[in-house]
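Chain by chain, the residues run as shown.
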Amino acid sequence: MRRIQRRIALLALPTLVGSVLMATGPAAADPAGSAATAGSGRSSLEVPEAARLVRIHLTGADMLDKVVAAGFDLEHGLRRVPTGIEGEAVATAEQVAELEALGVEILADGEGFAWSEEADGGLQAQALRAEAVQPLAHQETVRIARADWFTTKGQGFLYVEARTTEGAQTDPIVTMQLENDSGPDTSFGSARTMSRFVDSGQYMFHRNLFKLDTRPSQIRVTSSTGGVATGYVSNWLEDGAPPLTANPSYKWDFVDGYRHPQQLFSRAEEIARQYPDIAEIVYLPNKTNGYQRKAQATIGGTGQSAVVVSSAAWGHEGGNDITVEFVNRPGANLPLGVEVAGKAIRVLLAKDASGGPASTAAQVAAALESQSQGLVDRAHPYRTNAGTGIVAATSGPVALTDFLDQKRVGAPEGEVPRGPATIPVLRIGKHRDGRNPGVLIQAQDHAREWVPATTSLEAAERLVHNYKSDWETKKIVDNTDIFLILSNNPDGANYSFYNFASQRRNMTNHCADDNADPARRNSWGVDLNRNYRVGSAQDGYSGGSNSCVSDTYQGPEKLSEPESKNIIWLVEKYSNIKFMMSVHSNGGQLFWQPGAYIADGRITTPRPPLGDEAFYWQSAARILSQVKAHRQTVVTPENVGGSSDVLYSSAGNVREDLYHTYGIYAFGWEVGGSVYNPATGNWQGGSFQPAWVGNPDLVSGHSETMEYANGIMEMFRIAAEWGKDNQKPTSRLVPGDGTYSGPVDVRFETSEPATIYYTTDGSRPTLESPRYAATEFREPGQVFHVAETTTFRWFSVDSAGNIEQNYDPSNNDKRDNYRTATITVVEQ
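Model, not experiment: these values are computed from the prediction.

Draft legend 1. Spotlight on the overall build of the protein. Regarding its fold elements, the protein presents 12 helices and 40 strands. For a compact globule of 828 residues, the expected C-alpha radius of gyration is about 28 Å, and the protein comes in at 30 Å, within 12% of that figure. In the protein, buried positions account for 60% of the 828 residues. For the protein, the proportion of contacts with a sequence separation of at least 24, taken over those separated by at least 6, is 77%. For the protein, the exposed area adds up to about 29,900 Å²; of that, 48% sits on carbon and sulfur atoms. Side-chain charges of the protein comprise 74 positive and 97 negative groups, with the mean position of each set lying 4 Å from the other.

Here it is as C-alpha cells:
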C-alpha cells in the first residue's frame, strides 16, 4: 500500500463551472408537438419557439429540491457558491416566470459568483492587527483543513479550506483572511478574503481557489475574531505515476464514437467470445421494463372536454394499430355507446332531448375503459381536470401511437429492439472464482450520459488487448475480478439516443392519471440512482422526489426497478466485490459517502471512519493523477469528497447502499466537467454529449473517454494491490510516552490509511471501542487535550483488514500486544 501523506490534506468541494441544464418541468418540452394531441386545442407542453439559455441562482439545497420536485431538470453541472447554488437552464419565457415564482433568481449577463483573482487586502486593519495571535485557550478557533497546490496547462492554482469554530455566528458574521508566502523562508502577503460556505443553513467552512504563478510553501489564515492558523501547502495531483499509455507498446484508443446499448452489449459479448480465457458474460436476472410504451392519444385539446386514451397492448404489439373516433349521430335522447371492429373503436356520443351533445369527458373515458373489448387499458380526463366538459366529435379516426417511431434529429440509423432487455455484465479476470477482489464498474445509470459508457468500454478493451503484452495489465487481470456494466439503463439510453436526448431516467411510467398523458412522456421514469435503500427520500433524506415527473423521482418504493435490483443481486451473488465505481457525467467530481442528508439540521448519513476516509482520498489522488496525465485535466480538490459535501444530497443513491450494507468501497464519478482554458484564463464547462472530436484540449467526448479510462485502469490497480496487501499498519501517539509539565495535546498518526480503536479507561481495545475520528468532516484526526495522567491503549486496522502487530481484538484473546502510551501530566 502507498503511504498517505498528511500535511494539510484530507478532503474537498463543488464544481467550478455549471453546464447547460434542461428545463423539462411544468412546461416541459414535447418534441412531438401537436402530434400528442388530437382533435381541437393544442398541447400545453409543446415546445415554444423562444426557449433560451438562462443563468440561475438558488439559495441552497432546499430550493434545489423544491425546483426539481416541480419538474425542472437541474441535475448535474451545478456549482456551489457562497450564497447558494448557481447553474444554467434552457427555458421559455413561461418557464422563467415559473422559476421566479419558486424563488429562483435569474442572473443577468456577467452576474454570478467568480473566484477573485486579486488579493483584496483581506481583513486589513479595521478590526485586527496583522500579527494577531491565537487566544490562549487550548481550543483553536481556526483550523486549516487543506491547502493544495496544483497546475494545469502551465497555470498554477492554490485551493484552501479553513474552518473557524465561530463560523456559525451570524451577528456579526465571522470573516476569514488568507495569506500565502512565495516559497520557503519568504514572508506572508497577498491577503485576500475567504468565501464563507453555508449549506442547508449550516456553516461548512471558508474556502478560496485562485491563480498563482509561484508555488507557496505555507499559508496563514486569520479570523476577524483574532484566531490564527498556519500550515504547509501540499501538492494535488502533482506526483502521480506515469499512465499505462506512456508505454509506446501499450494499446489504447479503441473507441471511436458514442455507442448505443445494442452496440455496447454486442461488443461485450464479442469480447467474451474472443477472450474466453479471461472474460465471460454474466447475465443479470431481472429484465428491464423495456424500450416500449403504450400507444396513446389526447383527444379534444387539454380542457375539461379532453380525453386521454392509452392502449392495453404495447404499441409495437398492436397498440399502434388502434384508432379511436368520437361519432356524432343524428337524433335525440341517444345513449352513450362504444362499437369495436377489429382495432377500430367508435365512441357513439350521447344526445340530449334537444339533440345536443351530452357526453362528458369523464363519461367517455369510463365507457372506453369498460366497453373497448380490452383494447383500451386506461382512459381518463386530461391531467387534473374533472372531465365535466362536453365531448365533441372528431373529424375522423384518431390513431394511437407509442411515439417511439418519432426519431429525434441526429438519431442513429436502424431500429431499437422493443420489449424488455437483459443486461449483460462483462466479467474480466484470469481467476473468476471469487479468490480475487472484485471491482464493479457501473456506467450510464442516467440515460443521457453517453461518455461514461464509452469510458468503461475503453477500459475493457485495454484490459483484453494488453493482457499478453503489458506486465501492468497482466497483474490487473491476474489479481482482480472485474465486472463491467456498460449501460445500466439501456431503455432510457435508447430513448436518449433515438427520441429525446435529455432523457435521464429509465422509461417506466409510474404516473397516475394526472401525469399520464403522452405530452408528459419525456418526464416519465425512475431515477435509478435514487431507488436504493440507504438514506432514501422515503426515510426523509433530501434529493429524491415523490413526483413521477421529477428527474429525481425515487420510484414507488425502494428497489422498485429491475435495474437497481440487479445491482443488489450482483453484489450478493459475488461477495468478493469490494470496490465499485458508478460512472456519471458531466460534473468533474469524484466522491463517496456521505451522499445524502436530512435538510433540517443537515443530518448526513453516517460518515466513513477516518481510516476509510483516508483510503478514499489516497485512492482518489491516484485515480485523478492518471486522468491528469492524459491532457492536464484537473479535478480540483473542492470537487472531491463526500458527495453531499461536494455536490448535493442525493437520497437513495447506490454508493450509500453498497458501502453501508456490504462494506464495498463505493465511488461516484462525474466525468467531464470543467477544463481550464489557458487562452481565456477561465474554466470551460462540458456537457452530457459533447462533440466526439470537438476541441481535444477542451470539451471533447473522445478526450474525456481516454483520460477517464486512465482513471478506471488505476482503480483496477488499486484493487489488485489491496488484494495482495498483507502488510500490517503501524501507528503512534504524538507526542508519545512521557512526562509533561502541564496539559498536552496529542493525536494519532498511522503509516497508511487505517482506522484506530482506542481506550483510555484501562480496558483492552476491541472493535467495539471508540474509533479515532476526524476533528470535523474534511479535516485530519482529532486532537486530545490531556490535562491529567492518561494511558492510551489502541490498535489500527488498514483498509485491507490487516491488524497492527497481529493483535486479536476479540474478547477471547488474552494477549495484550496492542499499542500503549502513557501521558504523565505533572502539575507545576
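Draft legend 2. Main features of the sheet that holds strand E8 (residues 176-180). One open sheet accounts for 4 strands, arranged E9-E8-E12-E13; its pairing is antiparallel. Each end of this open sheet is capped by a strand with a single partner; those strands are strand E9 (189-193) and strand E13 (228-232). Strand after strand, the sheet turns through a mean of 20° between neighbouring axes, direction not considered. Summarising the sheet, E8 and E9 pair through 3 bridges and their orientation is antiparallel.

Draft legend 3. Structural detail: the nonpolar core. Judged by nonpolar contacts, the single largest core of 101 residues is most densely connected at Ile428, Trp669 and Phe716. For this core, the element with the most residues is helix H12 (residues 701-724), which contributes 8 residues. In this structure, Phe326, Ala361, Val376 and Leu400 belong to the second largest nonpolar core, which totals 23 residues.

Draft legend 4. Inspection of the environment of Ser354 at higher detail. Relative to the helices and strands, Ser354 resides in the loop between strand E20 (344-348) and helix H4 (361-371). Counting along the chain gives 23 residues from Ser354 to Gly331, while the straight-line C-alpha distance between them is 8.6 Å. Reaching out from Ser354, the side chain makes a polar contact with the side chain of Asp352 at a distance of 2.9 Å.

Draft legend 5. Just H12, in detail. For H12, which comprises 24 residues, the first-to-last C-alpha distance of 35 Å matches the rise-based estimate of 34 Å (1.5 Å per residue) to within 8%. Burial of H12 is extensive: 20 of the 24 residues sit out of reach of the surface.

Draft legend 6. Just unusual backbone geometry, in detail. Here the residue pair Ser585 and Asn586 is connected by a cis peptide bond, since its omega of 10° sits within 30 degrees of zero. Residue placement: Asn586 occurs in the loop between strand E26 (577-585) and strand E27 (589-592). Cis geometry is found at the peptide bond from Gln593 to Pro594, where omega equals 0°. Within the chain, Leu559 stands out as a residue other than glycine whose phi angle is a positive 55°. One non-glycine residue, Arg602, lies in positive phi territory at about 50°.

Draft legend 7. Main features of the confidence of the model for the protein. Per-residue confidence for the protein gives a mean pLDDT of 89, with 91% of residues at or over 70. Within the protein, strand E23 (residues 424-428) carries the highest mean pLDDT (99), whereas strand E1 (residues 37-38) carries the lowest (43). The low-confidence segment residues 1-49 (pLDDT under 50) makes 201 contacts with residues lying over four places distant or belonging to another chain.

Draft legend 8. Structural detail: the sheet that holds strand E36 (residues 744-750). Sheet architecture is open: 3 strands sit in the order E34-E36-E38, paired in antiparallel fashion. If you trace the sheet from one side to the other, it starts and ends with strand E34 (731-734) and strand E38 (784-786), each paired once. Averaged over all neighbouring strand pairs, the angle between strand axes comes to 30°, with direction disregarded.

Draft legend 9. A look at the side chain of Thr164. If you trace the backbone, Thr164 turns up in strand E7 (residues 155-164). Among the residues examined, Thr164 registers a relative accessible area of 3% and is labelled buried. A polar side-chain atom of Thr164 sits 3.2 Å from the main-chain carbonyl oxygen of Thr141. With residues near it in sequence (within four places) discarded, Thr164 still touches Thr141, Val142, Val174, Met176, Tyr203 and His206.

Draft legend 10. How the structure looks around the packing of aromatic side chains. The final tally for this structure, using the stated rule, is 34 aromatic pairs. Ring geometry for Trp592 and Phe667: centres 6.1 Å apart, planes at 85°, overall edge-to-face. Of this pair, Trp592 sits in strand E27 while Phe667 sits in strand E31 (residues 665-671), placing them 75 residues apart in sequence. Judged by relative accessible area, Trp592 falls into the buried class, the value being 0%. Note on Phe667: relative accessible area 1%, which makes it buried. Centroid distance Phe795 to Tyr807: 5.0 Å. Interplanar angle 55°. Geometry classified as tilted. With Phe795 in strand E39 (residues 790-798) and Tyr807 in the loop between E39 and strand E40 (819-825), this residue pair connects regions lying 12 residues apart in the sequence. Taking the relative accessible area as the measure of exposure, Tyr807 reaches 2% and is therefore buried. Each member of the aromatic cluster is reached from another via a ring pair, and the members are Trp236, Phe579, Trp592, Phe615, Tyr616, Trp617, Tyr659, Tyr665, Phe667 and Trp722. The ring of Trp236 carries the charged tip of Arg146 above its face, separated from the ring centre by 5.6 Å.

Draft legend 11. Structural detail: the packing of helix H3 (residues 261-274) against helix H5 (residues 451-466). With their axes 11 Å apart at the nearest point, H3 and H5 run at an angle of 15° to one another. In terms of axis orientation, H3 runs roughly parallel to H5. The interaxial crossing formed by H3 with H5 has left-handed handedness. Residues Leu264, Arg267 and Ile271 of H3 form the contact with H5, whose own contacting residues are Ala453, Leu457, Glu461, Val464 and His465. Taken together, the residues of the contact of H3 with H5 break down into 5 nonpolar, 1 polar and 2 charged.

Draft legend 12. How the structure looks around the pattern of salt bridges. Across all of its chains, the model carries 46 salt bridges by this definition. Here Glu270 and Arg267 are joined by a salt bridge, their closest N and O atoms 3.0 Å apart. On the criterion of helical spacing, the pair formed by Glu270 and Arg267 is a turn pair, its members being 3 residues apart in helix H3. The residue Glu749 makes a salt bridge to Arg732 at a minimum N-O spacing of 3.0 Å. Placement of the pair is Glu749 in strand E36 and Arg732 in strand E34, with a sequence separation of 17 residues. Exposure remark for Arg732: the relative accessible area of 47% places this residue in the partly exposed category.

Draft legend 13. Highlighting the environment of Ala719. For Ala719, the location among the structural elements is in helix H12. Residues Ala719 and Asn436 lie 283 residues apart in sequence; the distance between their C-alpha atoms is 9.1 Å. The contact partners of Ala719, leaving out residues within four places of it in the chain, are Pro437, Val439, Thr480 and Phe579.

What counts, and at which threshold
- Residues numbered from 1 in each chain as written.
- Predicted model: local features only at pLDDT ≥ 70, side-chain atom pairs only at ≥ 80, totals over all residues.
- Heavy atoms only, no water.
- Helix = DSSP H or I, 4+ residues; strand = E, 2+ residues; numbered from the N terminus.
- Rg over C-alpha atoms; globule rule 2.2 N^0.38 Å.
- Buried < 20%, exposed > 50% of the residue type's maximum accessible area, 1.4 Å probe, protein only.
- Contact = heavy atoms within 4.5 Å.
- Areas by Shrake-Rupley, 256 points an atom, 1.4 Å probe, with all protein chains shown as cover.
- Lys, Arg positive; Asp, Glu negative; His and termini not counted.
- Charge placed at Lys NZ, Arg CZ, Asp CG, Glu CD.
- Pairing = 2+ DSSP bridges.
- Axes fitted to C-alpha atoms, helices over the stretch in contact; angles between N-to-C directions.
- Core = buried A, V, L, I, M, F, W, Y, C linked by side-chain atoms within 4.5 Å.
- Polar contact = N/O pair within 3.5 Å; in protein donor to acceptor, adjacent residues only side chain to side chain.
- Expected span 1.5 Å × (residues − 1).
- pLDDT = per-residue confidence, 0-100.
- Phe/Tyr/Trp six-rings, centres within 6.5 Å; stacked < 30°, edge-to-face > 60°.
- Lys NZ or Arg CZ within 6 Å of the ring centre and 35° of its normal.
- Parallel < 35°, antiparallel > 145°, perpendicular 65-115°, else oblique.
- Left-handed = near helix turned anticlockwise from the far one by under 90°.
- Nonpolar A, V, L, I, M, F, W, Y, C, P; charged D, E, K, R; others polar.
- Salt bridge = Lys/Arg side-chain N within 4 Å of Asp/Glu carboxyl O.

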